[in-house]
Every structure is written in structure tokens, then in C-alpha cells.
Amino acid sequence: MAIKILGIETSCDETAAGVVEDGRTLLSNVISSQADLHSVYGGVVPEIASRQHVRDLVPVLEQAAANSGFGLEDMDAIAVTFGPGLAGSLITGVNAAKAIAYSLGIPLLGVNHLEGHIYASWLAQGDLENDPGFPLACLVASGGHTDLLLMEGHGRYKLVGRTRDDAAGEAFDKAARILGLGFPGGPEIQRVSVGATGEEKLPRAWMKDTLDFSFSGLKTALLHLAQDRGIYPSPEDGVDQARQTHLVRELAAAFQESVVDVISSKLVTMAAKYRVKGLVLGGGVTANARLREEIVRRSPLPVIIPPPVLCTDNGAMIAACGYFQYQRGEESALDIDVDPGLPLG
Ligand code: KG4
Ligand code: ZN
């Protein structure tokens, strides 16, 4: 009998739930984004996020069950993100998951959000343990993390590289703010970069001889360049609209190219160093078309990349990850607490 798991995700600003069969088959995936609520502030406001999760979670859960063709009572287990993330946001999902698990008498599975991002690749390509096989080199690049993880088997990770300051997604969001673009910044930078000539250049923070990253210097370099070109803090007199649009496009592209160059280079280096069998991408930043294209171009090994909707936060990836915990009998206690700083590896 197929195992059906409901996954719940409320770690940041997406209220999401999905149903997955046997960790690989996506039956439903419902995401309610709060981006519009936060965009006026240029970033996620934790208090607004937690209140909105309370409003949205029940309808999202009902929709996820309905779209799967099953009822909550048909689920074999409930998986939920319990960290890392915003405490007030995580609590909503964890409490709902506890209530459902308790009332139905089924297992509760606390899932690490970063591990969930990795398991989105099992939804994209079901049998990674056999094709291409372990070990795998995983990149998790999101709003809060830029991690290189060696995955040696299900649930077994070694953190071999990470950012020492800003996360890649955070850097995209800050860069977008500098350029007067909307929130979240990543999709905006990608959108306006199309058609850039490449005439503007920004430095790369290579952090030589390590697999670690640094993005805060790049953000400062972008700020200085934007000031120098007369488009920050606001366009100078005499910079006409067409010129301004052109400059924003070129600076956005220069920023994107710098991030893409460093991340793809370090990921491919890591894959060779640890003699892995394949590369796995996850997290919102891996929705970036240039990053996806460049990693595939540079890697001699197979690269597994979820479709963009499964790269950003969703409940299905949590359900997929939960399935493998369920298989190992790793049930969580009903008094499990949220862990905003939960590490992986
Ligand atoms: O994984 P995610 O949805 O949430 C967190 O766990 O943080 O990642 C959100 C981040 C944001 O910083 C957003 O700007 C970035 O992912 N992002 C992108 C793209 N789509 C989302 N960054 C670059 N290019 C994109 N297309
Ligand atoms: Zn995420």
C-alpha cells in the first residue's frame, strides 16, 4: 500500500501544504504566498508573517487534501517543518501538525526545512539513491542559507561550505532594494537582467581555498556602483528614464553573474573533491534560470534540479523528506518544539 504523507511548511512567509505518495509522487501542492503583504516593507516582517499563517493555514490544508483526492483521515503521517525559520511562523505549522497527528492517531514527523529543500529533488526525479546514487553534492541556497552539503545517504549530511555573512537569497533581496526593484528580489533581478549587454562588471568574493561564501562585499560593491552611475539612492537629475532602465538592467545582470559564477564554481569544485555521483539543487535561489543553466553547463556529473515551484518554499518537499524519516521509524514526540536555529550536517 502506498504511504501518503501530508507536509506542512510555515517557516517563513509561505503558508504551504502538500500531499506526497511514497516520498516521490506529488498528489497536491498548495502555496499561499504572503509576498504582497511584506513587499511594502522590502522584506519579511515576522509579526505580520505569523499572524497571516494563522489565517491561511486551515484553508491551505483543506485545499491540499481536496486536490490530492483524499481526506486528512487517509494520511499515514503528518510531516512539518520545525526549523530553521521564524519562531512565530514555525509555531503555527507545528501546532496544526500536532493537532492533526494526535486526533487521527498517526505519526508526527518533524522535518528540517533545509533537508526538505534537498528532498524536492526526489519529487523532481524519484530514485536518486539508485540513479545517480550516493554520495550527492547538495546546494541549498535560500533567503537564510547558502550551504554546500555532502549527502552520504538518506538523512546523512556533512556541511562542507556555507556563507560567512549574507545568504545568497538575502543578497538578491538587498540588491533589488538598491536597484529600486520589488520584493522578493531574486525573481526581479532575474527578470530585469534579460537582454543585458554585460558592459557592467562586479567583483567575485572567491574566499580562496575554502568552500565558504561571502556576499556582503558584493552588495556593497553594487551600492557603490549604483551611486557612481547616479541611480542610488534615487536617479540624479539628468538621468533619463531609458538610461535609468538600461543601468538597472546592466547592474542587476552584473550582480546576478557574480553570484552565479561563485556558486556554480564552488559547487562543481566540491563535487569533484568529494567524488560524488551527482549534484542536487534546492532552495529559492536555485529557481534562478542563470544559476541552473551555468551549473548544468559546468558540471560533468548529472544535475538534479526541481522545477522552480518546488525550489521555493512548499509543503510537498516537507512531505517527501518526511517519508524517508517515516521509513526509518523516526517519529517525533507530540511535545516537539520549534527550533529556529536548527542546523543540518
Ligand atoms: O527557499 P525560499 O523560498 O525561502 C527560504 O527558505 O528562505 O527562498 C527565498 C529566497 C528569496 O531570497 C528570493 O529572493 C530567492 O529565494 N529567489 C530567487 C529566485 N526566486 C526566489 N533568487 C534568485 N533568482 C530567482 N529566480
Ligand atoms: Zn526555504
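Just so you know, these numbers come straight off a predicted model, no measurement behind them.

K.L.:
Can you walk me through the overall build of the chain in this structure?
P.N.:
When its secondary structure is counted, the chain shows 12 helices and 10 strands. The C-alpha radius of gyration of the chain comes to 20 Å, within 12% of the 20 Å expected for a compact globule of 345 residues. Counting only C-alpha atoms and orienting by the principal axes, one finds that the chain spans roughly 65 × 45 × 30 Å. Expressed as a percentage of its 345 residues, the buried residues of the chain come to 56%. Considering only contacts in the chain between residues 6 or more positions apart, those separated by 24 or more positions represent 73%. For the chain, the computed accessible surface area is about 14000 Å², with 51% contributed by carbon and sulfur atoms. Taking the 28 positively charged and 42 negatively charged side chains of the chain as two groups, their mean positions are separated by 8 Å.

K.L.:
Looking at this structure, I do not really get helix α9 (residues 241-273). What am I missing?
P.N.:
Note on helix geometry: an α-helix contains 3.6 residues per turn, so any two residues three or four positions apart are oriented the same way. In this model α9 runs 48 Å from its N-terminal to its C-terminal C-alpha over 33 residues, within 8% of the 48 Å that 1.5 Å per residue would give. For α9, the side-chain oxygen to backbone nitrogen distance between the N-cap and A242 is 3.2 Å, and the N-cap itself is D240. Positioned one or two residues after α9, R275 has a phi angle of 50°, which is positive.

K.L.:
Just checking my understanding: could you explain the pairing of strand β6 (residues 136-141) for this structure?
P.N.:
It is a general feature of regular strands that their side chains alternate between the two faces of the sheet. Counting buried residues in β6 gives 6 out of 6 residues, a clear majority hidden from the surface. Alignment of β6 against strand β7 (residues 146-153), held across 6 bridges, turns out to be antiparallel. Residue pairing across strands places L139 opposite L148, the latter belonging to β7. What sits between the antiparallel neighbours β6 and β7 is a turn of 4 residues. Bridge count between β6 and strand β9 (residues 278-282): 5 bridges; the pairing is parallel. Within β9, the position partnered with C138 by the bridge is V280.

Reading guide: rules and limits
Residues numbered from 1 in each chain as written. Chains lettered and ligands numbered in written order. Predicted model: local features only at pLDDT ≥ 70, side-chain atom pairs only at ≥ 80, totals over all residues. Heavy atoms only, no water. Helix = DSSP H or I, 4+ residues; strand = E, 2+ residues; numbered from the N terminus. Rg over C-alpha atoms; globule rule 2.2 N^0.38 Å. Buried < 20%, exposed > 50% of the residue type's maximum accessible area, 1.4 Å probe, protein only. Contact = heavy atoms within 4.5 Å. Areas by Shrake-Rupley, 256 points an atom, 1.4 Å probe, with all protein chains shown as cover. Lys, Arg positive; Asp, Glu negative; His and termini not counted. Charge placed at Lys NZ, Arg CZ, Asp CG, Glu CD. Expected span 1.5 Å × (residues − 1). Polar contact = N/O pair within 3.5 Å; in protein donor to acceptor, adjacent residues only side chain to side chain. Pairing = 2+ DSSP bridges.

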